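So you can see what is in the structure, the chains are spelled out below.
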Amino acid sequence: HHQHAHTPPHTPHTHTSDDETSPRDKAQVNSKGSGDFCVKNIKQAEFGRREIEIAEQDMSALISLRKRAQGEKPLAGAKIIGCTHITAQTAVLIETLAALGAQCRWTACNIYSTQNEVAAALSEAGVAVFAWKGESEDDFWWCIDRCVNMEGWQANMILDDGGDLTHWVYKKYPNVFKKIRGIVEESVTGVHRLYQLSKAGKLSVPAMNVNDSVTKQKFDNLYCCRESILDGLKRTTDVMFGGKQVVVCGYGEVGKGCCAALKALGAIVYVTEIDPICALQACMDGFRVVKLNEVIRQVDVIITCTGNKNVVTRDQLDRMKNGSIVCNMGHSNTEIDVASLRTPELTWERVRSQVDHVIWPDGKRVILLAEGRLLNLSCSTVPTFVLSITATTQALALIELYNAPEGRYKQDVYLLPKKMDEYVASLHLPTFDAHLTELSDEQAKYLGLNKNGPFKPNYYRYRALISQNGKDA
């Protein structure tokens, strides 16, 4: 490949000027001569390819899905616009969708989490990617717009994480929904926005809530946060957790994972909760359930994971002790009222990437991580295996909605059929060399089940400890 043959002469080659030029102002083309993408630097594609190949090792379920469905191409004719984190792991998902026949245009759902070299590798492979690490708010919406608004190409599926892409299409291009067969949404925040649209009678296409599918719930929200919360805090602050007083706001899946990890390191953990069922679970797991104001003056760390807004207010930040740490594990950056800290009397000091000291007039410092954005993606990595579960669920949800006969799904929000959930899980068992027992005909008849599943009724909850936030899906 003559990779440099197409490089326009004015592309800056030196590293410094390269960093100063916004990707929006650089003309770049890939080795096939296409310029339908906007990334930091297309020349990093080879590095990104290596990272994707490493991620594939840990995402064997998606690779076996490719092998199983390669022949029938269940996404042939699908035109997917996607807005997710752009990392080596999501790249494996995007390339799986392409292998199954889809055309994809992609953008980032978070201004910090994009891996530039991976975005380059995807663009080199012919996926139109509009994303780079450290976008401005304006860049963020510009990228989404470029992803949706393409001459002579119209999407028929949406894959969203957080609901921003769906929101933009509703606001700017409502006609696109005439062609859309379905939306797949993976975050609590995005699902909440979909339910609001549905309630208001404004949801004009079926949507699949993969956040609340069992496998995604347990893995992404519980097992994943159990491993990544410490990683994010250690990398940014090197804090020691033994004996530290930590308050975790929210005891849903994410909160449960965070609490379990902190408890294991000997931290003293408090929980705040609005839901009596989740609060009772926290009590049974050995945590004190308090109101934030009761402990605000004594805690060393506050972690928010509610999906709500203004969970930690300026008034509370004012009362925190010197050197305490505040961070967010929920999807949106509204949980901590960060805007209220941008006032003249407070000094912001950037200590290192993703770590700010906010200094009060009396010299008190509060350590704010990732400006209140999602900690475990901004400041650490998430185990690939966990992302494999989520990504496989997303792929199956897209296949299900895209191929569903007319009328199976109305203009509403649906959960992934349990059969599909079980399929996602079964694709991941080989990793552990786990062997499933099969029911005999007699046993299946006795239980009133089909031998091949689904094995549980829809209301079954998989482990009493974790109800889905006490609400029936």
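Shown above is the structure to which this text applies.
If you're wondering where the values come from, they're calculated on a predicted model, not measured in any experiment. (Residues numbered from 1 in each chain as written. Predicted model: local features only at pLDDT ≥ 70, side-chain atom pairs only at ≥ 80, totals over all residues. Heavy atoms only, no water.)

Novice: Which residues make up the overall build of the protein, and what values do they have?
Specialist: Tallying secondary structure elements over the protein gives 17 helices and 15 strands in all. In terms of overall dimensions, the protein is globule-like: its C-alpha atoms have a radius of gyration of 23 Å, near the 23 Å expected for 473 residues. Its C-alpha atoms give the protein principal-axis dimensions of about 75 × 65 × 45 Å. Evaluated residue by residue, the protein yields a buried proportion of 55% over its 473 residues. In the protein, 70% of the contacts between residues at least 6 apart in sequence involve partners at least 24 apart. (Helix = DSSP H or I, 4+ residues; strand = E, 2+ residues; numbered from the N terminus. Rg over C-alpha atoms; globule rule 2.2 N^0.38 Å. Buried < 20%, exposed > 50% of the residue type's maximum accessible area, 1.4 Å probe, protein only. Contact = heavy atoms within 4.5 Å.)

Novice: Now, about the sheet that holds strand S1 (residues 79-84): what can you tell me, with residues and values included?
Specialist: Pairing is parallel across the open sheet formed by 7 strands, whose spatial order is S3-S2-S1-S4-S5-S6-S15. Here the strands that pair on one side only, and so sit at the sheet edges, are strand S3 (128-130) and strand S15 (413-415). The average undirected angle you get between the axes of adjacent strands in this sheet is 20°. In the sheet, strand S6 (residues 207-209) pairs with S15 via 3 bridges, with the strands oriented parallel. (Pairing = 2+ DSSP bridges. Axes fitted to C-alpha atoms, helices over the stretch in contact; angles between N-to-C directions.)

Novice: Run through the packing of aromatic side chains, naming residues and quoting values.
Specialist: The final tally for this structure, using the stated rule, is 6 aromatic pairs. The structure contains a cluster of three or more aromatic residues connected by ring pairs, namely Phe 140, Trp 141 and Trp 168. The lysine or arginine in question, Arg 105, covers the ring of Trp 153, its NZ or CZ lying 5.7 Å from the ring centre. A cation sits over an aromatic face here: Lys 364 above Trp 360, 4.2 Å from the ring centre. (Phe/Tyr/Trp six-rings, centres within 6.5 Å; stacked < 30°, edge-to-face > 60°. Lys NZ or Arg CZ within 6 Å of the ring centre and 35° of its normal.)

Novice: Please give an account of the nonpolar core that cites residues and values.
Specialist: Counting residues in each nonpolar core, the largest one holds 54 residues, and the members touching the most others are Leu 75, Ile 80, Ile 86, Leu 97, Trp 106 and Val 129. Sequence-distant contacts of Leu 97, defined by excluding residues within four places in its chain, comprise Leu 75, Ile 80, Ala 102, Cys 104, Trp 106, Ala 395 and Leu 398. The next biggest cluster of nonpolar side chains, apart from the first, holds 31 residues, and it includes Trp 132, Phe 140, Ala 155 and Leu 197. (Core = buried A, V, L, I, M, F, W, Y, C linked by side-chain atoms within 4.5 Å.)

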